[in-house]
Amino acid sequence: QVQLEESGGGSVQAGGSLRLSCTASKYTHAYSTYSMAWFRQAPGKEREGVAFIDDDGTIYYADSVKDRFTISRDNPKNSVFLQMHNLSPEDTAMYYCAADRRTMTAIRLHGLVPGYWGQGTQVTVSP
């Protein structure tokens, strides 16, 4: 079990940048054993996994954000980050941090859903 809290969302103009942070607490296993991910969901659209980082550092990006977003983690700070550049209105969504002791690679392979989620942080990109 782990509690997740996101921060860093806000409103920016197209072409701008934001850095999202997610900090874990109240975890029952070492943070370094969790695989982490960022998902987003816009109104009326399906939830989309945008960036994933496993406990061994394996990274995967959705095609929609590849070359624009960077996911990283800082295990001593119990944190994962999403650096977003060249944002467009299509990136407007609620962004959620997710965690699981299973690898995100396995979760994607088997069509599963991460076990732990944050409350989300809103990202709004204006034209």
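Being a predicted model, the structure only gives us computed values, none of them experimental.

Thresholds applied
- Residues numbered from 1 in each chain as written.
- Predicted model: local features only at pLDDT ≥ 70, side-chain atom pairs only at ≥ 80, totals over all residues.
- Heavy atoms only, no water.
- Helix = DSSP H or I, 4+ residues; strand = E, 2+ residues; numbered from the N terminus.
- Buried < 20%, exposed > 50% of the residue type's maximum accessible area, 1.4 Å probe, protein only.
- Contact = heavy atoms within 4.5 Å.
- Areas by Shrake-Rupley, 256 points an atom, 1.4 Å probe, with all protein chains shown as cover.

Thoughts on the overall build of the protein chain
Okay, step 1: In terms of helices and strands, the protein chain carries one helix and 11 strands.
Okay, step 2: Viewed in the frame of its principal axes, the protein chain has a C-alpha envelope of about 45 × 30 × 25 Å.
Okay, step 3: Within the protein chain, the fraction of its 127 residues that count as buried is 43%.
Okay, step 4: Partitioning the contacts of the protein chain with sequence separation of at least 6, the portion at a separation of at least 24 is 58%.
Okay, step 5: A total accessible area of about 6600 Å² is found for the protein chain, and carbon and sulfur atoms account for 48% of it.

Overview of the environment of V113
Okay, step 1: Secondary-structure assignment places V113 in the loop between α1 (104-110) and β10 (116-117).
Okay, step 2: Relative accessible area serves as the criterion here: at 40%, V113 is assigned to the partly exposed category.
Okay, step 3: Distance from V113 to A98, taken between C-alpha atoms, is 9.2 Å for residues 15 residues apart in sequence.
Okay, step 4: Beyond its immediate sequence surroundings of up to four residues, V113 is in contact with R47, D100, R102 and I107.

A word on unusual backbone geometry
Okay, step 1: Even without being glycine, D67 reaches a positive phi, approximately 80°.
Okay, step 2: The topology assignment puts D67 in the loop between β6 (59-61) and β7 (69-74).
Okay, step 3: We note that N86 has phi near 50°; this positive angle belongs to a residue other than glycine.
Okay, step 4: Relative to the helices and strands, N86 resides in the loop between β8 (79-84) and β9 (93-100).
Okay, step 5: Looking at N86, the relative accessible area reads 49%, which means it is partly exposed.

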